[in-house]
Amino acid sequence: MTRSCSAVGCSTRDTVLSRERGLSFHQFPTDTIQRSKWIRAVNRVDPKSKKIWIPGPGAILCSKHFQESDFESYGIRRKLKKGTVPSVSLYKVLKYEDTRDCRAYVTAN
């Protein structure tokens, strides 16, 4: 099954063709604080509960949502630098007060 980027409004899919075009795909961090920062940056709402969206274990973001300076290159491979938070082409639909407690959701799951 092909995975899709989790950013709202992004239709990028993790396929051979997208990787040939130079896109890379990155799983949400396992570190609680860093994961919380990514969740806040993605700023997505769960359609059923209307609460902040919590990514599942296979959730990814494509490289379109990071600055070029966020990457380290190892030959043909690219890796995100430690502490990087997605910041490009992310919709801002929630108010800050709706997202400030997302760390509690992350640690509960």
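This text goes with the structure placed above it.
Keep in mind it's a predicted model, so treat the numbers as computed, not measured. Residue positions are counted from 1 within each chain, in the order its sequence is given. Where totals are concerned, whole chains, interfaces and linings use all residues; where local detail is concerned, this predicted model gives features only for residues with pLDDT of at least 70, and gives and counts side-chain atom pairs only at 80 or more. Derived side-chain values reflect all non-hydrogen atoms in the structure, with water molecules and hydrogen atoms excluded from consideration.

**A few points about the overall build of the chain**
1) Next: The helix and strand labels rest on DSSP assignments: H or I over at least four residues marks a helix, E over at least two residues marks a strand, and numbering proceeds from the N terminus. Across its full length, the chain carries four helices and four strands.
2) Next: Taken from N to C terminus, the helices and strands of the chain fall in the order α-β-α-β-β-β-α-α.
3) Next: Relative accessibility decides the category of a residue: with a 1.4 Å probe and only protein chains considered, values under 20% of the type maximum give buried, values over 50% give exposed, and everything between is partly exposed. Taking all 109 residues of the chain together, the buried fraction comes to 36%.
4) Next: Only heavy atoms enter the contact rule, under which two residues are in contact if any of them lie within 4.5 Å. For the chain, the proportion of contacts with a sequence separation of at least 24, taken over those separated by at least 6, is 60%.
5) Next: When the accessible surface of the chain is summed, it comes to about 7,200 Å², and 50% of that surface belongs to carbon and sulfur atoms. Computed with a 1.4 Å probe, the accessible areas rest on the Shrake-Rupley method; for each residue, only the protein chains presented here act as cover.

**Observations concerning the nonpolar core**
Across soluble globular proteins, nonpolar side chains have a tendency to be buried as a group.
1) Next: Membership of the largest hydrophobic core comes to 19 residues, with the highest contact counts inside it found for Cys5, Ala7, Phe28, Trp38, Leu61 and Phe66.
2) Next: Elements that contribute at least two residues to this core include exactly helix H2 (32-42) and strand S2 (60-62).
3) Next: Examining the composition of this core, we find that four residues originate from one element, H2, more than from any other.
4) Next: For Trp38, the contacting residues outside a window of four places in its chain are His26, Gln27, Phe28, Pro29, Leu61, Phe66, Leu80, Thr84, Val85 and Pro86. Residues belong to a common nonpolar core when they are buried Ala, Val, Leu, Ile, Met, Phe, Trp, Tyr or Cys residues joined through side-chain atoms within 4.5 Å.

**Considerations on the packing of aromatic side chains**
Two numbers describe a pair of aromatic rings. These are the distance of the centres and the angle of the planes.
1) Next: Pairing of aromatic rings covers Phe, Tyr and the six-membered ring of Trp, with a centre-to-centre limit of 6.5 Å; geometry is then stacked below 30 degrees between planes, edge-to-face above 60, and tilted otherwise. For the coordinates displayed, the defined rule picks out four aromatic pairs.
2) Next: On the basis of an interplanar angle of 65° and a centroid distance of 5.3 Å, the ring pair of Phe28 and Trp38 is categorised as edge-to-face. Taken as a pair, Phe28 in the loop between strand S1 (25-27) and H2 and Trp38 in helix H2 lie far apart in primary sequence, ten residues in all.
3) Next: When the ring of Phe66 is compared with that of Phe71, the centres are 6.1 Å apart and the planes differ by 75°; the resulting orientation is edge-to-face. Of the two residues, Phe66 and Phe71, both sit in the buried class.
4) Next: Within the aromatic cluster, the residues linked to one another by ring pairs are Phe28, Trp38, Trp53, Phe66 and Phe71.
5) Next: Whether a charge lies above a ring is judged from NZ of Lys or CZ of Arg, which has to be within 6 Å of the ring centre and within 35 degrees of the ring normal. Taking NZ or CZ as reference, Arg78 lies 3.9 Å from the ring centre of Phe71, over its face.

**Regarding the pairing of strand S3 (residues 71-74)**
1) Next: Inspection of the sheet shows S3 paired to strand S4 (residues 77-80) by four bridges, in the antiparallel sense. The partner of Tyr74 across the bridge, within S4, is Arg77.
2) Next: Here, any two strands with at least 2 DSSP bridges between them count as paired. The hairpin turn running from S3 into S4, its antiparallel successor, is two residues long, and Gly75 in that turn takes a positive phi close to 70°.

**A few points about the pattern of salt bridges**
Pairing is possible between side chains of opposite charge, provided their charged atoms come close.
1) Next: We count a salt bridge whenever a side-chain nitrogen from Lys or Arg sits within 4 Å of a carboxyl oxygen from Asp or Glu. For the coordinates displayed, the defined rule picks out three salt bridges.
2) Next: Between Asp14 and Arg3 there is a salt bridge whose closest N-O contact spans 3.9 Å. Highlighted residues: Asp14 in the segment before helix H1 (16-20) and Arg3 in the segment before H1, separated in sequence by eleven residues.
3) Next: A relative accessible area of 17% means that Asp14 is categorised as buried.
4) Next: Note that Arg19 and Asp14 form a salt bridge whose closest N and O atoms lie 2.7 Å from each other.
5) Next: Judged by relative accessible area, which is 43%, Arg19 ranks as partly exposed.

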